[in-house]
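Residue-level listing of the chains:
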Amino acid sequence: MCPAASVYAYGSFSPYRSNMIISSVLKAEQVVIANPKRKSDRIILPELSVQGIPHTDDNIREIVRRQSSRPPNHGFISSRNHGVRTINPMFLEEAYQRCKNICAEYAKTFYLGTRLMTEERQKAIWAIYVWCRRTDELVDGPNAAYLSCASALDRWEQRIEDIFNGRPYDMLDAALTHTLYQFPLDIKPFKDMIEGMRMDTWKSRYANFEELYQYCYYVAGTVGLMSVPVMGIAAEAEAEAVSSQTIYNSALYLGIGNQLTNILRDVGEDALRGRIYLPQDELAEFGLSDDDIFSRKVSDCWREFMKKQIRRARFYFNQAEEGASKLHKHSRWPVWSSLMIYRKILDAIEENDYDNLTKRAYVGRGKKLMTLPLAYTKALSHSPISPYTHEREICSK
C-alpha cells in the first residue's frame with residue numbers, strides 16, 4: 001500500500017529511474033532476514049464510534065501539541081546544529097530540485113497543485129513526499145524482494161533519527177533536514193509510518209475495522225500530520241478560534257479516507273499478493289470469506305459489502321472538508337484536488353458495478369484535469385460546500 005499516494009493523490013509508488021542514490025542505498029541494505037517481525041510501541045486506539053470514526057487518541061494530541069507549540073517557520077532543528085550549518089546552498093538547491101522532479105514525475109496532479117504554494121512550502125512538501133516514497137519502496141518497491149525488510153526498516157528508522165538530529169545521509173535526506181529546520185515537524189509521524197511498513201511485512205489480514213484503522217493511520221494518516229505545519233493554517237481560521245486539533249483531525253481523516261479508497265481500488269491486485277485489507281468480521285457479516293475474494297467472483301453479497309465500505313470512505317472525506325478549507329489559502333488547492341479525485345475513484349468503483357476484483361477503478365487524465373478548476377474554486381472558499389453533504393446526514397444516522 002502506498003502511504004503518500006493516499007494523502008496527496010500521488011498514484012502508486014514506483015522507482016525514480018534517474019535517482020542513483022536511492023538504488024545504491026537499497027543495494028547496500030541487502031542483508032539476510034533475521035527477524036521478519038519486530039515489536040515496537042504501538043498507538044493505543046480509542047474505541048470506535050458508531051460511525052467508525054475514532055476519537056483522537058492521546059498520542060495524536062501530543063503530536064499536535066508539539067507541532068503547534070512553535071510558530072510557523074521555526075522547526076525543531078536549531079540553526080546552530082552543525083549538520084544544518086554545513087549544507088552547501090548549491091547542494092541544497094539541487095536536493096530540492098531532485099525532490100521536485102520526483103514529485104512532478106510520479107504525482108503529476110498533486111504537483112500542479114503545489115505550484116500555488118509559497119516556495120518554502122513547495123520545497124518542504126516535495127521533501128516529505130520523497131521521504132514517504134522511499135519508505136514505501138523498502139517494502140513494496142522493485143528491490144524489496146532482495147532486501148531484509150526488517151533490517152532495512154530498522155536502518156531507515158535510525159536514519160530518520162539522524163535526519164532529525166541534523167545528520168543527513170545523502171542529498172535527499174539533506175532536503176528533509178533543511179525542511180525540519182524551517183517547519184515544526186515532530187518525529188513521531190515519521191516513525192509511525194515506518195511501523196506501518198513493518199505491518200506489511202508480517203500482517204496480511206485485519207480482524208476488524210479497528211485493526212484496519214490502525215494500519216491506515218500508520219501508512220497514510222501520518223502524512224496528514226506531517227503536512228499541516230508545512231501547509232499552514234489560515235489567518236481567518238485562527239481569528240475564528242478554530243482549534244489546531246480540528247484541522248489536524250481533518251488532515252488525519254483525509255489520509256484515512258484516501259487509504260481506504262486505495263484499499264477498495266486495489267482489492268484484486270492485493271489479493272494476488274496474498275493480502276486482504278478488509279475487515280474480516282464485516283466480510284463474514286455479508287456471508288463472504290477470503291475464498292470469495294480469491295475466486296474473483298462479484299456477487300450480490302459482495303456488492304452490498306462494497307457499498308458499506310464506500311460509505312465509510314466517503315464519510316471520512318466529509319469529515320476532512322472543514323480542515324481543508326481552514327488551511328492557508330495557497331495550500332488548499334492540492335488538498336482539495338486530492339479529496340475530489342479520490343472521491344471519483346469511489347464513483348468509478350460504483351460505475352464498474354462494484355467489480356474491484358477483476359477491474360481497477362480508474363480516473364482518467366481528462367477527468368483529473370477537469371477536477372482541478374473545481375478544486376481551485378473550493379480552495380478559494382472559506383467554508384466547504386459539498387455535493388456530498390447529504391452523505392453526512394445519512395452516515396450520522
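Quick look at the structure, then. (Residues numbered from 1 in each chain as written. Predicted model: local features only at pLDDT ≥ 70, side-chain atom pairs only at ≥ 80, totals over all residues. Heavy atoms only, no water.)

### Some remarks on the overall build of the chain
Formally: Each helix is a run of H or I in the DSSP string that is no shorter than four residues. Each strand is a run of E no shorter than two, and both are numbered from the N terminus. Burial classification: accessible surface area is computed with a 1.4 Å probe over protein chains only, and a residue below 20% of its type maximum counts as buried, one above 50% as exposed, and the rest as partly exposed.
Looking only at helices and strands, the chain has 20 helices and 0 strands in total. For the chain, buried positions account for 57% of its 397 residues.

### Brief notes about the packing of helix 10 (residues 188–202) against helix 11 (residues 209–231)
Here is the rule we go by: The angle between two axes is taken between their N-to-C directions and runs from 0 to 180 degrees, where each axis is a line fitted to C-alpha atoms and a helix contributes only its stretch in contact. Note that the term roughly parallel is reserved for angles under 35 degrees, roughly antiparallel for angles over 145, roughly perpendicular for angles of 65 to 115, and oblique for everything else. What makes a crossing left-handed is the near helix being turned counterclockwise from the far one by less than a right angle; a clockwise turn instead makes it right-handed. By definition in these notes, contact holds between two residues if any of their heavy atoms fall within 4.5 Å. Throughout, the ten residues Ala, Val, Leu, Ile, Met, Phe, Trp, Tyr, Cys and Pro are labelled nonpolar, Asp, Glu, Lys and Arg are labelled charged, and all others, Gly among them, are labelled polar.
For the pair helix 10 and helix 11, the least separation of the axes is 8 Å and the interaxial angle reads 155°. Judged by the inter-axis angle, helix 10 sits roughly antiparallel to helix 11. The handedness of the crossing between helix 10 and helix 11 comes out as left-handed. Taking contact as the criterion, the partners of Pro189, Phe190, Asp192, Met193, Glu195, Gly196, Met197, Met199 and Asp200 in helix 10 are, on helix 11, Gln214, Tyr215, Tyr217, Tyr218, Val219, Thr222, Val223, Leu225 and Met226. Within the contact of helix 10 with helix 11, the residues separate by chemical class into 12 nonpolar, 3 polar and 3 charged.

### Topic: the pattern of salt bridges
Quick reminder of the rule: Salt bridge, as applied in this entry: a Lys or Arg side-chain nitrogen positioned within 4 Å of an Asp or Glu carboxyl oxygen.
Counted according to the given criterion, the structure contains 35 salt bridges. The salt bridge involving lysine 123 is made with glutamate 119; its shortest N-O contact spans 3.1 Å. With lysine 123 and glutamate 119 both in helix 7 (residues 119–140), this residue pair falls 4 residues apart, about one helical turn. Measuring nitrogen to oxygen at the nearest pair gives 2.6 Å for the salt bridge that ties aspartate 347 to arginine 314. Of the two residues, aspartate 347 is situated in helix 18 (residues 332–351) and arginine 314 in helix 17 (residues 300–324); the sequence distance between them amounts to 33 residues. Each member of the salt-bridge network shares a partner with another, and the members are Asp140, Asp200, Asp270, Arg273 and Arg275.

### Let's talk about the packing of aromatic side chains
To be explicit about the condition: What counts as a ring pair is set by centres within 6.5 Å for rings of Phe, Tyr and Trp (its six-membered ring), and what kind of pair is set by the plane angle: stacked under 30 degrees, edge-to-face over 60, tilted for all other angles.
Applying the stated criterion to the full structure yields 14 aromatic pairs. Between tryptophan 131 and tryptophan 156, the ring centres sit 6.2 Å apart and the planes meet at 20°, which makes this aromatic pair stacked. Note that tryptophan 131 is positioned in helix 7 and tryptophan 156 in helix 8 (residues 149–164), a separation of 25 residues in sequence. Under the relative-accessibility criterion, tryptophan 131 is labelled buried at 3%. Overall, tryptophan 156 belongs to the buried group, its relative accessible area being 2%. The interplanar angle of 70° and the centroid separation of 5.5 Å between the aromatic rings of tryptophan 333 and tyrosine 376 together place this pair among those described as edge-to-face. Here tryptophan 333, found in helix 18, pairs with tyrosine 376, found in helix 19 (residues 365–380); they are 43 residues apart in sequence, far enough to count as distant. Since its relative accessible area comes to 35%, tyrosine 376 is described here as partly exposed.

### Description of the environment of lysine 297
In this fold, lysine 297 is placed in the loop between helix 16 (290–294) and helix 17. Sequence separation of lysine 297 and asparagine 356 is 59 residues, and the distance between their C-alpha atoms is 9.9 Å. Here lysine 297 is in contact with Asp292 and Leu357, once residues within four sequence places are set aside.

### What to know about the packing of helix 18 against helix 19
It is the contact of helix 18 with helix 19, at a shortest axis distance of 8 Å, that shows an interaxial angle of 130°. On the basis of their axis angle, the class for helix 18 and helix 19 is oblique. Between helix 18 and helix 19 the crossing geometry is right-handed. Side by side, helix 18 and helix 19 meet where Arg332, Trp333, Trp336, Ser337, Met340, Ile341, Lys344 and Glu351 of the first sit next to Lys367, Lys368, Thr371, Leu372, Leu374, Ala375, Tyr376, Lys378, Ala379 and Leu380 of the second. Class assignment of the residues belonging to the contact of helix 18 with helix 19 gives a composition of 10 nonpolar, 2 polar and 6 charged.

### Digging into the environment of isoleucine 87
On the secondary structure map, isoleucine 87 appears in the loop between helix 4 (82–85) and helix 5 (89–106). Residue isoleucine 87 is classed as buried on the basis of its relative accessible area of 14%. A C-alpha to C-alpha distance of 9.5 Å links isoleucine 87 and alanine 175, two positions 88 residues apart in sequence.

### A short note on the environment of aspartate 136
Turning to its location among the elements, aspartate 136 is positioned in helix 7. C-alpha separation for the pair aspartate 136 and isoleucine 194, spaced 58 residues apart in sequence, amounts to 8.5 Å.

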